[in-house]
Amino acid sequence: MVTAVAQRLASQRKEIDDTLAAFALSPTQLQEVKAKMRVELERGLKKDSHPTASVKMLPTYVYRTPDGTERGKYLALDLGGTNFRVLVVKIRTGMRNSVRMYNKIYAIPLEIINVSVLHSQEMLSYFFIFLFDHIVQCISDFLDYMGMKNTRLPLGFTFSFPCNQTGIDKGDLVCWTKGFKATECEGYDVVDMLREAIKRRNEFDLDIVAIVNDTVGTMMTCAYEDPKCQIGLIAGTGSNVCYMEEMKNIEFVEGDEGQMCVNTEWGGFGANDNIEDIRTRYDREVDGGSLNPGKQRFEKMTSGMYLGEIVRRILIDLTKHGLLFRGRITERLKTKGIFETKFLSQIESDRLALLQVRSILQHLGLDSTCDDSIIVKEVCGAVSRRAAQLCGAGMAAVVDKIRENRGLDNLEITVGVDGTLYKLHPHFSTILKDTVRELAPNCKVDFILSEDGSGKGAALITAIDKYLYAMRFSDETLRDIMARFRREMENGLGRDTNPTATVKMLPTFVRSIPDGSEKGDFIALDLGGSNFRILRVKVSHEKKQTVQMESQIYETPEDIIHGSGSRLFDHVAECLGDFMEKQKIKDKKLPIGFTFSFPCAHTKLDEAVLLTWTKRFKASGVEGMDVVKLLNKAIKKRGDYDADIMAVVNDTVGTMMTCGFDDQRCEVGIIIGTGTNACYMEELRHIDLVEGDEGRMCINTEWGAFGDDGTLEDIRTEFDREIDRGSPNPGKQLFEKMVSGMYMGELVRLILVKMAKEGLLFEGRITPELLTKGKIETKHVSAIEKSKEGLTKAEEILTRLGVEPSEDDCIAVQHVCAIVSFRSANLIAATLGAILTRLKDNKNTPRLRTTVGIDGSLYKMHPQYARRLHKTVRRLVPESDVRFLLSESGSGKGAAMVTAWASRLADQTRQIAETLAEFRLTEEQLLEVKKRMRTEIQNGLSKNTQSTATVKMLPTYVRSTPDGTGERSTAIRCIFLKIGKQMTRILDMQ
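Residues numbered from 1 in each chain as written. Predicted model: local features only at pLDDT ≥ 70, side-chain atom pairs only at ≥ 80, totals over all residues. Heavy atoms only, no water.

Per an unreviewed UniProt entry, the chain carries the name hexokinase and comes from Cyprinus carpio.

In structure tokens form, the structure reads like this:
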């Protein structure tokens, strides 16, 4: 009998061991998991394989970790499970461990979490409204509690679900995890949803400047304490990791310099069946019974949300086989979710005696023996140990990748960790660390626990971006700016509203683009900045139309720019004379086109009255004068050559005409350089300032003055206002000062000075060079934003300013430059979008096809500007096919094209005039005709000369005209017949 009992017990033991053996992973299996995870990490970073990768490697647009110099007061929200936390985080300057936090925890009602179960399909679309209205209600309660409802705080949002981020404050939900499920809501921007909920409540105002995953928030929190922390790990309800990846390895994000935090979303590892060999039937049962079967397989094997359920299913299986609880399966044990993960932590505690384990099981309705308690403890240990080992294998893949990224033999790095499983389970952290050490022996990995959670980390990211959030625009804001500019265009075109319009919409009297028939020899003048260019343009027709150009650049000294108008035009005339001398054409009177890049009022093509100087020009006595007359006067004063100025155009018009020569669909011209402006072809019927309704005319918008009436005050920043105050023309050209190359470098300098004063940059050091106006130029911004050498350039430029920048300083400065230049591209895209929609409406076409000609150093030289502009335009005006054509020859060639067009029209007019000239009679000729007619009339009346007269003066025998006195009506029909030389009269009378 003893032998029989022993055999039975051995058989039972074997069944239990066999069941749990599937959860025991060998070193070889763990190495394979590490290798497979590494493959998926790489696949997630590659543009081609990213769509099918199970580890999505989502960019977070967090470019650096805190350096301890952040300061300020921030609101942080933390949503990642059944509880929702609101915090106020106060950070003092320059001192680590100087963070004070106040928070409250609120529950998320189950009816919101389980909306897919409790509500009909049509109600799913309202899930976000329910959820975010509840969140905003909690925020309202917290702000009341803190007495801060009237304080406008920057807000960081920890949203612990997979999101596809396109910016620091943009995150589209990829999929729900952790028990949330409302698939109709996936794909929505959660930041927009929160903003809308705040608007609906209309009780307070917050600036949402950062959305982060809980792993990112955890990393940022721990990095505030340990600068070596560059990895974040969540081991709690869910499981995930983030880390600082080299930008050059993230193929679907532009830029090669520096780093960006990548949210791996490693919970999805295994979706492509590459860990099927280590999944058990219990894992498959849990997956099949979950809200998202087939997804988040790795998370379902490692996270606290599922470990208790795996244990419950094993216990049921063992009980069915008579190995537990005397073979009796209770109703409570059949209840899904009854065995919580916290029970694993309690049961596996070394301090807990078997009787206490039995007490926990009895609480769950399980009548257990001491042997049952031992087996349950073994089951819990097997499940939790496997979870810790799998997380360790994944972490080993991450740290080895970072080591190889940096080309190091050995790596020292810190992992910031948060999550109840890591914090509360007695063995999880130890097993995790041991596994990492065994699988990544060349990496010394320290783990520090985030005591304050990921909410603090969200606040720290917010601190890094707080000076820049006002320069970020949503598409909704950009469309609003489009609408504002469209209204200003209409005001500028109206006769009654034009005098007060900021966007002047000046007629140029250019009525068409080149049609390919232009030819001749022309001179073009191009004055619009510190350099003055003169070109000789020869347009010929042999086999095809060709253009030959020769040009020379002349400097315009500062004393002339700020001197008298007569000196300025004497200088232009002198340069023109020198050019003609070198070209040996002083004896010729060639047609001249004048590109004059300042706001002018035209009454005809060769007349332009300067309205106001821009771009630092302040020559006296020119505003209100016709610049063509001033130039002609200067030329005449010289007397050594003659000139025929046929057209004066703005540089934008010149650009449009230059590009129009190559592409006859070009009907918009834009300058994005030292200054900015746009022109386009408008229907004459809409231009009240010019007579005529047929055809089109090019309008020079002068959009640089957009906002001079306060229209843009809500989007201008303190830095924009400081730029304006220090400019030669305060209160004018406000849009130009926000977007153009003349001011962009100075905008960056002002931001850096303030950040340094706040201790966020350069360890608070401010040098005299950094305080000097104009020391950072727009060409420096372009250099810093280059993908491969940008950070090196940033270091060089900052060093020349007397600053000794750290690597983090260089990354931060590059980030500032990117946001300033991106804002410029976005604003230009919005105003261009307004022009394109107007063209589309004018043509009454469902889809616009057009070409935009562009010139300007900012557009040409900045490494990212053109791509950003094109992308935003296509997003704002999706019903258009826009070709952007770079003007390779500048606006001077365009002036020559306008002159060629004007010359062609003049030639046509002259030919027509010559043809019709013989039909024109002088007064003397008309008097002579009168005299001769009088003679012939006399000859026709005289009997002697009547036969030879050319004017026959034939009698009709009608002796009077009616006098209105007749009493009876008389009908008379007279018929005159002329037969040969005889005339017969027939008279019928009644």
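Having put the structure on the table, let's press on.
Visitor: Describe in detail the overall build of the chain, supporting the description with residues and values.
Guide: Along the backbone of the chain there are 32 helices and 28 strands. Considering only residue pairs separated by 6 or more positions, the chain has 70% of its internal contacts joining residues 24 or more positions apart. Of the accessible surface of the chain, which amounts to about 43900 Å², a share of 50% is contributed by carbon and sulfur atoms. (Helix = DSSP H or I, 4+ residues; strand = E, 2+ residues; numbered from the N terminus. Contact = heavy atoms within 4.5 Å. Areas by Shrake-Rupley, 256 points an atom, 1.4 Å probe, with all protein chains shown as cover.)

Visitor: Could you give me a rundown of the pairing of strand 5 (residues 153-159), with the residues and numbers involved?
Guide: In terms of residue burial, strand 5 counts as a mostly covered element, since seven of its seven residues are buried. In strand 5, alternate side chains face the same way, and those of Leu153, Leu155, Phe157 and Phe159 on one face and Pro154, Gly156 and Thr158 on the other are all buried. Direction of pairing for strand 2 (residues 72-79) relative to strand 5: parallel, over a ladder of five bridges. Paired with Leu79 across the two strands is Phe159, which belongs to strand 5. Sheet topology note: the strand 5/strand 8 (residues 206-212) ladder contains six bridges and is parallel. In the sheet register, Thr158 faces strand 8, and the bridge partner there is Val212. (Buried < 20%, exposed > 50% of the residue type's maximum accessible area, 1.4 Å probe, protein only. Pairing = 2+ DSSP bridges.)

Visitor: So what about unusual backbone geometry? Which residues, and what values?
Guide: For Glu702, which is not a glycine, the phi torsion comes out positive at approximately 55°. Along the chain, the position of Glu702 falls in the loop between strand 24 (696-700) and helix 23 (718-725). Owing to a relative accessible area of 8%, Glu702 belongs among the buried residues under this scheme. For Tyr957, which is not glycine, the phi dihedral falls at a positive 65°. Its place among the elements puts Tyr957 in the loop between helix 32 (923-941) and strand 27 (972-979).

Visitor: Hey, could you go over the sheet that holds strand 24 for me, with residue numbers and the actual values?
Guide: An order of 14-24-23-22-25-26 is seen for the six strands of this open sheet, with the pairing classed as mixed. Taken across any chain shown, the strands that pair with only one partner, and hence form the sheet edges, are strand 14 (506-507) and strand 26 (880-886). With seven bridges connecting them, strand 25 (residues 848-855) and strand 26 associate as parallel partners. Residue Val852 lies in a different strand from strand 26, and its bridge partner there is Phe884. Across the face of the sheet, helix 30 (residues 865-876) comes into contact with strand 22 (666-672), strand 25 and strand 26 while running at roughly 160° to strand 26. (Axes fitted to C-alpha atoms, helices over the stretch in contact; angles between N-to-C directions.)

Visitor: Kindly report on the pattern of salt bridges, identifying the contributing residues and their values.
Guide: Overall, the coordinates contain 73 salt bridges when judged by the stated rule. For Asp480, the salt bridge is made with Arg484, and the minimal N-O distance between the two is 2.5 Å. On the criterion of helical spacing, the pair formed by Asp480 and Arg484 is a turn pair, its members being four residues apart in helix 18 (residues 475-493). The buried category is assigned to Arg484, whose relative accessible area is 9%. Here Arg823 makes a salt bridge to Asp720, at a shortest N to O gap of 2.8 Å. Taken together, the residues Arg823 in helix 28 (residues 807-843) and Asp720 in helix 23 connect sequence positions 103 residues apart. Grouping residues by exposure puts Arg823 and Asp720 together as buried. Here the salt bridges share partners, and the residues they tie into one network are Lys34, Arg38, Glu42, Glu245, Asp400, Lys401, Arg403 and Glu404. (Salt bridge = Lys/Arg side-chain N within 4 Å of Asp/Glu carboxyl O.)

Visitor: Residues and numbers for the packing of helix 2 (residues 27-45) against helix 14 (residues 370-405), please.
Guide: Think of two packed helices as two axes; the pair is described by the angle between the axes and how far apart they sit. Packing of helix 2 against helix 14 brings their axes to within 8 Å, and their N-to-C directions diverge by 55°. In terms of orientation, helix 2 lies oblique with respect to helix 14. In terms of crossing hand, the pair formed by helix 2 and helix 14 is right-handed. Between helix 2 and helix 14, the contacting residues are Leu30, Val33, Lys34, Met37, Arg38, Leu41, Glu42 and Leu45 on the first element and Gln389, Leu390, Ala393, Gly394, Ala396, Ala397, Val398, Asp400, Lys401 and Glu404 on the second. Considered class by class, the residues forming the contact of helix 2 with helix 14 number ten nonpolar, two polar and six charged. (Parallel < 35°, antiparallel > 145°, perpendicular 65-115°, else oblique. Left-handed = near helix turned anticlockwise from the far one by under 90°. Nonpolar A, V, L, I, M, F, W, Y, C, P; charged D, E, K, R; others polar.)

Visitor: Which residues make up helix 7 (residues 214-225), and what are the values?
Guide: In this model helix 7 runs 17 Å from its N-terminal to its C-terminal C-alpha over twelve residues, within 8% of the 16 Å that 1.5 Å per residue would give. Most of helix 7 is tucked away: eleven of the twelve residues are buried. Inspection of helix 7 places Asp214, Thr215, Val216, Gly217, Thr218, Met219, Met220, Thr221, Cys222, Ala223 and Tyr224 among the buried residues, and these make up the whole buried set. (Expected span 1.5 Å × (residues − 1).)

Visitor: Tell me what's going on with the nonpolar core, and back it up with residues and numbers.
Guide: Membership of the largest hydrophobic core comes to 99 residues, with the highest contact counts inside it found for Ile670, Ile672, Tyr680, Ile835, Leu836, Val852 and Leu869. Setting aside its immediate chain neighbours within four residues, Val852 contacts Cys666, Val668, Ile670, Leu832, Leu836, Val882, Arg883, Phe884 and Leu885. Of all hydrophobic cores here, the second largest spans 84 residues; its members include Leu233, Phe269, Met301 and Leu307. (Core = buried A, V, L, I, M, F, W, Y, C linked by side-chain atoms within 4.5 Å.)

Visitor: Any chance you could break down the environment of Asn650 for me, citing the residues and the numbers?
Guide: Take Asn650: it is sitting in the loop between strand 21 (644-649) and helix 22 (651-662). Note on Asn650: relative accessible area 4%, which makes it buried. Considered as a pair, Asn650 and Pro599 are 51 residues apart in the sequence and their alpha carbons are 7.7 Å apart. Apart from residues no more than four positions distant in its own chain, Asn650 is found in contact with Thr595, Phe596, Ser597, Phe598, Asn677, Asn700 and Glu702.

Visitor: Provide a residue-level description of the packing of aromatic side chains, including the pertinent values.
Guide: Under the criterion given, the structure shown has 16 aromatic pairs. Ring geometry for Phe706 against Phe735: centres 5.6 Å apart, planes inclined by 55°, an arrangement best described as tilted. Residue Phe706 is found in the loop between strand 24 and helix 23, and its partner Phe735 is found in helix 24 (residues 734-739); the two are separated by 29 residues along the sequence. A connected cluster of aromatic rings, assembled from ring pairs, spans Phe594, Phe596, Phe598, Trp613 and Phe617. (Phe/Tyr/Trp six-rings, centres within 6.5 Å; stacked < 30°, edge-to-face > 60°.)

Visitor: Give me the lowdown on the sheet that holds strand 1 (residues 58-59), citing residues and values where you can.
Guide: What the six strands build is an open sheet, ordered 1-11-10-9-12-13; its pairing is mixed. Edge positions in the sheet fall to strand 1 and strand 13 (443-449), since each of these pairs with one other strand and no more. Alignment of strand 1 against strand 11 (residues 259-263), held across two bridges, turns out to be antiparallel. Bridge pairing links Leu58 to Asn263 in strand 11. Sheet contacts for helix 7: strand 9 (229-235), strand 10 (239-246), strand 11, strand 12 (411-418) and strand 13; angle to strand 9, the most-contacted strand, approximately 130°.

Visitor: Explain the side chain of Glu683 residue by residue, including any values.
Guide: With respect to the helices and strands, Glu683 occurs in strand 23 (residues 676-683). Judged by relative accessible area, Glu683 falls into the buried class, the value being 15%. Beyond its immediate sequence surroundings of up to four residues, Glu683 is in contact with Gly695, Arg696 and Asn842.

Visitor: Give me the lowdown on the side chain of Glu667, citing residues and values where you can.
Guide: Residue placement: Glu667 occurs in strand 22. Side chain to side chain, Glu667 and Arg696 meet in a polar contact 2.8 Å long. A distance of 2.8 Å separates a polar atom in the side chain of Glu667 from a polar atom in the side chain of Thr850. (Polar contact = N/O pair within 3.5 Å; in protein donor to acceptor, adjacent residues only side chain to side chain.)

Visitor: Go over the pairing of strand 25, please, and point to the residues and values.
Guide: For a regular strand, the rule is simple: side chains alternate between the two faces of the sheet. In terms of burial, strand 25 is a largely internal element, seven of the eight residues being buried. Note: strand 22 against strand 25, five bridges, orientation parallel. The residue bridging Cys666 from the neighbouring strand is Thr851, located in strand 25.

Visitor: Break down the state of the cysteines for me, citing the residues and quoting the values.
Guide: Taken as a whole and assessed by the stated rule, the structure comprises zero disulfides. With no disulfide of its own, Cys222 lies 5.0 Å from the sulfur of Cys229, the closest cysteine sulfur. The exposure class of Cys222 is buried, given its relative accessible area of 2%. Here Cys666 stays free of any disulfide, with the sulfur of Cys659 as its closest cysteine sulfur at 5.1 Å. (Disulfide = S-S within 2.5 Å.)

Visitor: Describe the confidence of the model for the chain, listing the residues and the values that go with them.
Guide: Here the chain shows a mean pLDDT of 83. Residues at 70 or above account for 86%. Low confidence marks residues 116-125, where pLDDT is under 50. Its contacts with residues over four positions away, or in another chain, come to twelve contacts. Low pLDDT, under 50, characterises residues 974-990; the stretch is placed with 20 contacts to residues that sit more than four places away or in other chains. (pLDDT = per-residue confidence, 0-100.)

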